[in-house]
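Letter by letter, the chains look like this.
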Amino acid sequence: MNQAIRSSLLHGAVIVILAAMFFVLPEYHSGNLARILVLALFAMGYNVLFGYTGLLSLGHALFFASGMYGLGLSILFLQASPLLALVIGLISSVIVSAVIGFLALRTTGVAFMIVTLMFAQAGYLTVLFFGKYTRGDEGFVIQRAQRIFFGIDLSQPLPRYFAALALFAMGLCLIAWLVHSRVGKTLIAIRENEERARMIGYDVQFHKLLAVIISGTLSGAAGAAYALLFGYAGASFAAVQYSILPLLYVLLGGAGTTIGPLIGTVFMFYLIDISSEYTNAYLLIAGLVLILLTLFAPQGIAGLLRKKLSWLP
Amino acid sequence: MEFGPHLFIASLEGAITAAVLALTAVGLSIVFGIMRVVNVAHGEFFMLGAVLAWWITSLIAGHPALGFGVALVAAPIVVGAIAVLCNRLVLNKINYEPERTIVATIGLLYVIQQTTLMTFGPEARPVEAPFNKRIALPWFEFGESGFALTWPWGLSTTTYKLAVIVAAILILLILWLVLTRTKIGLIMRATQLDSEMAQAHGIAVNKVYAMVFGLGAALAALGAVLVVPIQQAHYLMGGDPLLLSFIVVIIGGLGSVLGTVVAAVLIGMSDGIISVFFTPTLAKILATLLVAFVLIFKPDGLFGRRRE
Amino acid sequence: MSNHKKIPNLNAPDISHSNDNTVEISRRTALKTIGASAGALAGMGAGAGALSGLIGSAHASDEPIRIGFQVHRTGIGAAYGRWYDRTTEAVVKKINSEGGINGRPIEIIAEDDGTDPKRGAEVVEKFATKHNCDVAFGTLFSHVVFGSAPRAGELAIPYFVVSEGHHVASGKLNRYTLQPGITDVKSQVEAMAPFINENLGKKVTMIFPDFAFGHDHRDYFTQAFEAVGGQVLEKIAIPPTETSFSKYFPKIPRETEVIYHVMVGPAVLTFVKELGEFFGPSRPEIFGFIDSLEAVDLASPGLEFLDGTYFWEGNPRYAQEGQSEFDKAYREAVGVDENGASISDAKDVSTYAHMFGCWETLHVVKAGMEASDYSGPADRQKLIEAVEAMTEMPHSLEHPQGAKLFNGKTHQVFGHQYISKMTDGKLVLAHTTSIEDTLYEDEVDYTSMSF
């Protein structure tokens, strides 16, 4: 079996299993999984830039928030339908990521980390500054009636779950396709050796910008989906910890793998969820687990799997 | 308040921010420059310094200066020792690989923060300054009667705040002497330039790394002990110093201690001065964007050398 | 909360208390507590409470009433969370020893929300779908309320918040979210305006965090203060990430007669200290919300400066002259001394102005469940309707902060507000507002919404 078919089969299987999960899992866990799928989409977006292109951003909360507020504010103030609002959310994250990409890509390495971090911090403060419209830290609720998508009430468990899954599946397919496309191969070439990629004749700067935009838009889609499916937008999602989270998810799951971000998100979510039931010190446990993982599973969980299954995409 | 005195007070506040920032960031700069790792837990070492200062001063009765003096010496040593231990148990084992180091130090951050919450508690706790006198400051103006000194309403600072600035300058001078005039400094610089070559010349690079990591953390703790009588010890206080020192180190130019200090002064002062002209939150936004644009136009920092 | 430096207590009892689940009311210990109180009940024999308890349990199931307690144990709200925890523990002990609710004991299922709206929503979801809680309760920080309330509404679980935000009464939430145990910021702020105008001055400068909470203060106070003929000269919004404040104080206009301050977070002490250093000996009148110094020892260095200034207090921290028997009993039950600190550690200062809300809210839940003959999640709507039907709540052991008036349409309770003057390092009650002072026009009618 060649690799492309194998990878399509794997991704198809992941989506089918996820779909079946809704009917198998108890309500609590299927609810969690809906959330995890949205966050995994965020992590997949992050992975495009970090895992495939080799650029470490510390500002992805800004992209997540631009999708979230693009959707949320247009529902709140323009009474936009969910579809229109989703489109506005996506457009705003395309614009924000294009502008940030254009500026930040003048830098590389740690300077890139700082510049993205600073833009995200400025974005967070901007949300507070316009508190009159955004209600700042407190945020705002998107009422159930405003979340009805062609007659489907997205606040209900089943539609919510499958809406999250649909978005996740689109993201996964896009990335699976991207990895094998010319653009994707160029991005990987840039990650491996930027100088060499340039010598071969690739337009490195353009491809990096493209990566930022794809990455930012997927993250923005996740932000918009979160607001739409869970009915809330607030400034805490623009704060720095939401820039760190996708990095953690990706590093834990396995950078530069298609399903690593999902694995990392599931792992991190349940690590906190389960340990917080037993102790207040769940962050202590999370911290220790992170340290142990870096000691014993440096390539992330998908990286470990890949050792056994070398064909894993 | 009049414009002149307002600008003056804001600059003074900026200078205090800059002094503490320089101390904290220099620690990160040394670690970053020599070991080439991003230590996300750096802010937590700062926090530990402040918390230990509270604990030590609460153990020692008598004049506040007594406890504070002990804290000034003991807290950095203890924090440095903790950092050396972290280095030994974790960073050394993962060979200082950049990405793994980030995750591992995020892990350390959680562990240190949570342990502090469980022992020290969630409250902000004050440490009494060894001395703290309000000084009203004079201002000059050219009125109808010519040059005159006035004492504008609100224009003031405290003796302790001024002492912090002096102390930071002294400590940085000593550090600079150590780095440039001693054998230890020479070894550190050699390791920074080329760790393999240093190893070949018989330098125990692992020991140097342990020392550097400990020194970096101790400097952060020292900054914290100095600042804790102005602010308070709190288990979440490490986030801000981490971000700011990270920024300062990059703006200054990787591995350049002088650049770090200059950048700290620049950022501290601009934070103060911009606040004069805009509403507070807008001032913060602008100060943040300023940092981004400095890097966009000078990606290697102000004093950075392009290195391959 | 040992602010004082003489106390060498990094391992003091209060600390193990706050973090050790076995002392807190986690699920496991709640069961133990309930077992113990059931034992006490059996031993009591007489007593109306005990009797009704025994009779109740004869026909109702012995299954406990499960209350999901969303608590800020980590994150920025942790200092509040720990006292919410203690108050809840005390009120559950009291209610259970009196026979529980409809003869069934209360079981608290507490989980940390990290003072984060996303985690808050997940925790509410967990209460509803995993732990099968009857109701959810306890949230303080308003962004967590906003993040969690939509899920509570969708999952149809009554959500009793103790947050003092204006969110519930503003109509932005839903029929399942109620605030019957603590007054909201709009009514608090509006009730302060006449007092400041008559006693302190007509020209005010406001300093507040650049948060929704701060904006509520800015907007509602300005409105109310101008209505009584005062003037707000300057509104200084401080970004929440700030740790030093002196550079903002020159923005205070010289002709300011009163500084109005409300700050939250760990930097509040710096704020007050630097304010003192700025003004030196010649300060204007100062009026603050105790939120600025909640859980902070007033004997901390630098706070001497506040002597002679005024504070809003949700509930007076220091036991006042002529203290009501209810406050006395409540204080004792929670373990707070006459200075508002923990009985076991005088430096561990409570969040006295807010935490009574937990005590009162659970009594409202109890009253609502009894009035609706609540027997399980199927009766949740009946429970909400029963609470909506409530109006007057007299000053009693159930409502130790004072009498209350509940507005079923807006799901918000109204009550007396207290203004204290700091005198020799203690807060002494100077004025109590009437409930009428705190009322404003309804902004929503939740009862007209469907479930």
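These numbers come from a predicted model, not from an experiment. (Residues numbered from 1 in each chain as written. Chains lettered and ligands numbered in written order. Predicted model: local features only at pLDDT ≥ 70, side-chain atom pairs only at ≥ 80, totals over all residues. Heavy atoms only, no water.)

Peer 1: It is not clear to me how the overall build of chain C should be interpreted in this structure. Could you clarify?
Peer 2: Looking only at helices and strands, one finds 12 helices and 17 strands in chain C. Counting every position in chain C, which comprises 451 residues, the buried fraction comes to 68%. In chain C, 70% of the contacts between residues at least 6 apart in sequence involve partners at least 24 apart. (Helix = DSSP H or I, 4+ residues; strand = E, 2+ residues; numbered from the N terminus. Buried < 20%, exposed > 50% of the residue type's maximum accessible area, 1.4 Å probe, protein only. Contact = heavy atoms within 4.5 Å.)

Peer 1: I tried to follow the interface of chain C and chain A on my own but got confused; where do I start?
Peer 2: As a measure of interface size, the accessible area lost when the parts come together is often cited. Listed as interface residues are 39 residues of chain C and, on the opposing side, 37 residues of chain A. Taking both sides of the interface into account, the surface hidden between chain C and chain A amounts to around 3400 Å²; carbon and sulfur atoms contribute 48%. By the criterion of area lost to chain A, the three top residues of chain C are Lys118(C), Phe146(C) and Glu154(C), representing 18% of everything that side buries. The interface formed by chain C and chain A holds eight salt bridges in total. One salt bridge connects Arg35(A) with Glu125(C), and the closest N-O pair in it is separated by 2.5 Å. On the surface where chain C and chain A come into contact, there are 13 residue pairs in polar contact (both at pLDDT 80 or more). Among the elements of the structure, helix H1 (13–19), helix H2 (27–44), strand S2 (106–112), helix H5 (117–129), helix H6 (142–154) and helix H8 (212–227) of chain C are those that each provide at least two residues to the side of chain C that touches chain A. Residue composition of the side of chain C that touches chain A, grouped by class: nine nonpolar, 13 polar and 17 charged. (Buried area = accessible area lost by both parts, 1.4 Å probe. Salt bridge = Lys/Arg side-chain N within 4 Å of Asp/Glu carboxyl O. Polar contact = N/O pair within 3.5 Å; in protein donor to acceptor, adjacent residues only side chain to side chain. Nonpolar A, V, L, I, M, F, W, Y, C, P; charged D, E, K, R; others polar.)

Peer 1: Looking at this model, I keep getting lost on the packing of aromatic side chains. Mind explaining?
Peer 2: The description of an aromatic ring pair rests on the distance of the ring centres and on the angle between the ring planes. Enumeration according to the criterion identifies 44 aromatic pairs over all chains in this entry. An angle of 75° between the planes, with centres 6.0 Å apart, marks the rings of Phe77(A) and Tyr133(A) as edge-to-face. Within this pair, whereas Phe77(A) is found in helix H3 (residues 60–78), its partner Tyr133(A) is found in helix H6 (residues 131–134), the two being separated by 56 residues in sequence. A relative accessible area of 43% means that Phe77(A) is categorised as partly exposed. Ring pairs connect the aromatic residues Phe42(A), Phe64(A), Tyr226(A), Phe230(A), Tyr232(A), Phe237(A) and Tyr242(A), which therefore count as one cluster. Just above the ring of Trp83(C) sits the side chain of Arg86(C); from NZ or CZ to the centre is 4.4 Å. (Phe/Tyr/Trp six-rings, centres within 6.5 Å; stacked < 30°, edge-to-face > 60°. Lys NZ or Arg CZ within 6 Å of the ring centre and 35° of its normal.)

Peer 1: I keep staring at a nonpolar patch on the surface and nothing clicks. Help me out?
Peer 2: Residue and element names in this part refer to chain A. A cluster of nonpolar residues, Leu83, Val87, Ile91, Ile95, Val99 and Phe150, forms a patch on the protein surface that exposes about 570 Å² of accessible area. Here Val87 is to be found in helix H4 (residues 82–104). Using a relative accessible area of 39% as the deciding quantity, one classes Val87 as partly exposed. (Patch = residues over 30% accessible without salt bridge, like charges linked within 9 Å, V, L, I, M, F, W, Y side chains within 5 Å. Areas by Shrake-Rupley, 256 points an atom, 1.4 Å probe, with all protein chains shown as cover.)

Peer 1: Just to check I follow, could you spell out the pairing of strand S16 (residues 418–423) of chain C for this structure?
Peer 2: Residues and elements named next belong to chain C. In this sheet, S16 lies alongside strand S10 (residues 310–313) in antiparallel orientation, the contact comprising four bridges. Looking across to S16, one finds that Trp312 is bridged to Ile419. Strand direction decides the pairing type here: S16 and strand S17 (residues 426–432), joined by six bridges, are antiparallel. Bridging from a neighbouring strand, Ile419 pairs with His431 of S17. With antiparallel pairing between neighbouring strands as the criterion, S16 and S17 make up a hairpin whose turn holds two residues, including Asp424 at a positive phi of roughly 50°. (Pairing = 2+ DSSP bridges.)

Peer 1: Before we go on, may I ask you to explain the domain arrangement of chain C in this structure?
Peer 2: Residues and elements named next belong to chain C. Looking at chain C, the domain boundaries give domain 1 (13–183 + 353–415) and domain 2 (185–313 + 416–438). The partner domain 2 presents 19 residues to the 16 residues of domain 1 that form the contact. Each partner contributes to the roughly 1500 Å² buried at the junction of domain 1 and domain 2, and carbon and sulfur atoms together form 53% of this total. Three residues, Glu164, His166 and Gly415, lead the burial of domain 1 against domain 2; their summed loss comes to 35% of the area buried on that side. The interface formed by domain 1 and domain 2 includes zero salt bridges. Taken together, the links from domain 1 to domain 2 amount to nine residue pairs in polar contact (both at pLDDT 80 or more). (Domains from an automatic or database assignment.)

Peer 1: Just checking my understanding: could you explain the packing of helix H1 (residues 3–35) of chain B against helix H10 (residues 257–277) of chain B for this structure?
Peer 2: Geometry of a packed helix pair, given as the angle between the helix axes and the separation of the axes. Residues and elements named next belong to chain B. Between H1 and H10, the least distance of the axes is 6 Å, while the angle of their chain directions is 150°. In terms of orientation, H1 and H10 fall into the roughly antiparallel class. Of the two possible hands of crossing, H1 and H10 adopt the one that is right-handed. In terms of residue class, the contact of H1 with H10 is made up of 19 nonpolar, nine polar and no charged. (Axes fitted to C-alpha atoms, helices over the stretch in contact; angles between N-to-C directions. Parallel < 35°, antiparallel > 145°, perpendicular 65-115°, else oblique. Left-handed = near helix turned anticlockwise from the far one by under 90°.)

Peer 1: Just to check I follow, could you spell out the sheet that holds strand S4 (residues 159–160) of chain C for this structure?
Peer 2: All names here are of chain C. Taken in spatial order, the five strands of this open sheet run S2-S1-S3-S4-S5, and their pairing is parallel. With one partner strand each, in any of the chains shown, S2 and strand S5 (177–178) form the two edges of the open sheet. Sheet topology note: the strand S1 (residues 65–71)/strand S3 (residues 135–137) ladder contains three bridges and is parallel. Paired with Ile67 across the bridge in S3 is Val135.

Peer 1: Explain a negative patch on the surface to me, please; I cannot follow it from the model alone.
Peer 2: Negative charge collects at one region of the surface, where Glu128(B), Glu304(C), Asp307(C) and Asp424(C) lie side by side. If you trace the backbone, Glu304(C) turns up in the loop between strand S9 (285–289) and S10. In this structure Glu304(C) comes out as exposed when scored by relative accessible area, which is 57%. (Lys, Arg positive; Asp, Glu negative; His and termini not counted. Charge placed at Lys NZ, Arg CZ, Asp CG, Glu CD.)

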